[in-house]
Amino acid sequence: MSYVSKMISAHVTNKLKRIKRLNHRAGIEGLPMELMIIVVVATIGTAMVVGWMGNVEEPNTIGDISSNTNQITMSTDTYKVSQLTFTVFDSHGDVVPDAVVTLSGCGVYTSNNLTTPMAVTNSLGVATFFGLTLVKSTPGVSYLNVTASTQDLGETYIKIPVVR
């Protein structure tokens, strides 16, 4: 190696050592520069991910079922209900047409002896049941289970107390 090459090599090596020393001493409050860069990149990356997640919308599901009655009171073991009406709403508060509404519990059956009464909501989200019979031979509280479901929005239910 020539004298000039050795001098250039030594000069470059000294400069690299000096840069490394500066790199380890540089930064805010004595933190190494590499750590500073990692913190900045991680912060920006986290901000980007949180920003993307903020644009994700909650899926629309069946949100609620309202009923024309809050409680059914029976005076005998068998009780005839002339009409029950339910309105189905999605999670945004809009009515849900074509939802299947089923009833169960308290020995409920229809005038056709169907043991799982079922109705489909109309364009206003309303399902109406006629000629239901409830059977409850013991005193106390039981529940009429009302379930509304659609293929797209899922399923939800409410319970109506039946008191005897």
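Below, the structure is looked at part by part. Along each chain, residue indices are assigned from 1 in the same order as the chain's sequence is written. Given that this is a predicted model, residues contribute local features only at a pLDDT of at least 70 and side-chain atom pairs are listed and counted only at 80 or more, while totals for whole chains, interfaces and linings are drawn from all residues. Only hydrogens and water are removed before side-chain values are computed, so all heavy atoms of the structure are retained for them.

### Considering the sheet that holds strand E5 (residues 118-120)
The criterion, for reference: Only strands that DSSP links by at least two bridges are regarded as paired with each other. The numbering of helices and of strands both runs from the N terminus, where a helix is a DSSP run of H or I of at least 4 residues and a strand a run of E of at least 2.
Read across the open sheet, the 5 strands follow the order E2-E8-E7-E4-E5; overall the sheet is mixed. The two strands at the open ends of the sheet, each matched to only one other strand, are strand E2 (72-73) and E5. Pairing of strand E7 (residues 141-150) with strand E8 (residues 154-163), which is carried by 10 bridges, proceeds in the antiparallel orientation. The residue of E8 that forms the bridge with Leu144 is Ile160.

### Here we look at the pattern of salt bridges
Put simply, the rule reads: Salt bridge criterion: a side-chain nitrogen from Lys or Arg within 4 Å of a carboxyl oxygen from Asp or Glu.
Counted according to the given criterion, the structure contains 1 salt bridge. The partner of Asp77 in a salt bridge is Arg164, and the shortest N-O contact between them spans 2.7 Å. Of this pair, Asp77 sits in the loop between E2 and strand E3 (78-90) while Arg164 sits in the segment after E8; the two residues are 87 residues apart in sequence, bridging distant segments of the chain.

### Observations regarding the environment of Asn113
Turning to its location among the elements, Asn113 is positioned in the loop between strand E4 (100-104) and E5. Sequence separation between Asn113 and Leu132 is 19 residues; the distance between their C-alpha atoms is 9.3 Å.

### Looking at the side chain of Thr150
Spelled out, the test is: Pairing of N or O atoms within 3.5 Å defines a polar contact, subject to two protein rules: one partner must be a possible hydrogen donor and the other a possible acceptor, and residues neighboring in sequence count only if both atoms are side-chain atoms. By the convention used here, residues are in contact when the closest approach between their heavy atoms is within 4.5 Å.
Turning to its location among the elements, Thr150 is positioned in strand E7. Among the polar contacts made by the side chain of Thr150, one reaches the main-chain amide nitrogen of Leu153 at a distance of 2.8 Å. Contacts of Thr150, omitting those with residues within four sequence positions, involve Ile62, Val96, Asp98 and Ala99.

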